[in-house]
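Report on the structure
Take a look at the letters that make up each chain.
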Amino acid sequence: MSKIKIKTGKDIVAKELTALRRSVNWTRQASCANIERSIDAYPFTAQARNSADELIGYVSAFSDGVFMTMIGELLVHPDFQRRGIGTALLKRVELRYPGIPIQANSLSEDLPFFASQGYGSPKQAMQIVLKNVTTVNQSVIAWAKN
């Protein structure tokens, strides 16, 4: 088995994260510019690289430092799954934000992984709500400034 390195930091090229997203059939693709913006926006990122220094795993997270930490993405290339890489990436988030509850939006097929890591579902069912905002009403901006 090749040696896997886990490290924190943002020295990730958008092209390689795009390739990793494609490998796991991520349905929402983005431009390299938007991938770079996403990487920059997260205060915490960690990555897994194989012995050839290829990106094979990635996690991003943010936290208010008190009440909630949110996993943005947790991805492991299918050829490297079930080797502890997702666990190691998740542990990096837990070490970075100790004692702060961590939330992850999960696909149903990923629930067994999170359960194996001690994560559970809330007592009251929650729904994810989304809104795609394409433009911002200028009158709202003017109102917010006042």
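Everything in this summary refers to the structure shown in the same document. For every chain, the first residue of its written sequence is number 1, and the numbers climb from 1 along that sequence. Owing to the predicted nature of the model, reporting of local features is limited to residues with pLDDT of at least 70; listing and counting of side-chain atom pairs is limited to 80 or more, with chain, interface and lining totals taken over all residues. Think of the side-chain values as coming from all heavy atoms in the structure, minus any hydrogens and water.

1. Regarding the pairing of strand S3 (residues 55-63)
Burial classes: relative accessible area under 20% of the type maximum marks a residue as buried, over 50% as exposed, and values in between as partly exposed (1.4 Å probe, protein chains only). Here a helix means four or more residues in a row that DSSP labels H or I, a strand means two or more in a row labelled E, and each is numbered from the N terminus. Of all 9 residues in S3, 7 are buried; the element is thus mostly enclosed. Note on pairing: two strands pair once DSSP finds at least 2 bridges between them. In the sheet, strand S2 (residues 44-49) pairs with S3 via 6 bridges, with the strands oriented antiparallel. Bridging across to S3, Ala-46 finds its partner in Val-59. Of the strand pairs in this sheet, S3 and strand S4 (residues 69-76) are connected by 7 bridges, and their pairing is antiparallel. Pairing of Ser-60 across the sheet is with Glu-73, part of S4. Linking S3 to S4, which pair antiparallel, is a turn of 5 residues; within it Gly-65 sits at a positive phi near 80°.

2. Focus on unusual backbone geometry
Backbone phi values are negative for most residues with the exception of glycine, while trans is the configuration of most peptide bonds. A positive phi angle, close to 65°, is found at Asp-53, a residue other than glycine. In this structure, Arg-82 takes a positive phi of about 65° despite not being glycine. In this structure, Arg-82 sits in the loop between S4 and helix H3 (85-96). The class for Arg-82 is exposed, based on a relative accessible area of 86%.

3. Considerations on the packing of aromatic side chains
Given two aromatic rings, one states the distance between the centres and the angle between the planes to describe the pair. Note on ring pairs: Phe, Tyr and Trp rings are taken, using the six-membered ring of Trp, and paired if centres are within 6.5 Å. Classes follow the plane angle, with under 30 degrees stacked, over 60 edge-to-face and the rest tilted. In total, this model carries 4 aromatic pairs according to the counting rule given. Geometrically, the ring pair formed by Tyr-42 and Phe-62 is tilted, given 6.0 Å between the ring centres and 35° between the ring planes. Taken together, the residues span a long stretch of sequence, with Tyr-42 in the loop between helix H2 (32-41) and S2 and Phe-62 in strand S3 at a distance of 20 residues. We classify Tyr-42 as buried; its relative accessible area is 16%. Taking the relative accessible area as the measure of exposure, Phe-62 reaches 34% and is therefore partly exposed. For the pair Phe-113 and Phe-114, a centre-to-centre distance of 5.3 Å together with 70° between the ring planes defines the contact as edge-to-face. By the ring-pair criterion, three or more aromatic residues cluster together here, those being Phe-113, Phe-114 and Tyr-119.

4. Structural notes on the packing of helix H1 (residues 14-23) against H2
Orientation of H1 relative to H2, taken along the N-to-C sense of each, is 95°, at an axis distance of 9 Å. By the criterion of interaxial angle, the relationship of H1 to H2 is roughly perpendicular. Residue-level inspection shows Ala-14, Lys-15, Leu-17, Thr-18 and Arg-21 of H1 in contact with H2, the latter providing Cys-32, Ile-35, Glu-36 and Ile-39. Between the N-to-C directions of two axes lies an angle of 0 to 180 degrees, each axis being a line fitted to C-alpha atoms and, for a helix, fitted only over the stretch in contact. Any angle from 65 to 115 degrees is called roughly perpendicular, while one under 35 is roughly parallel, one over 145 is roughly antiparallel, and all others are oblique. Whether two residues touch is decided by their heavy atoms; if any such pair falls within 4.5 Å, the residues are in contact.

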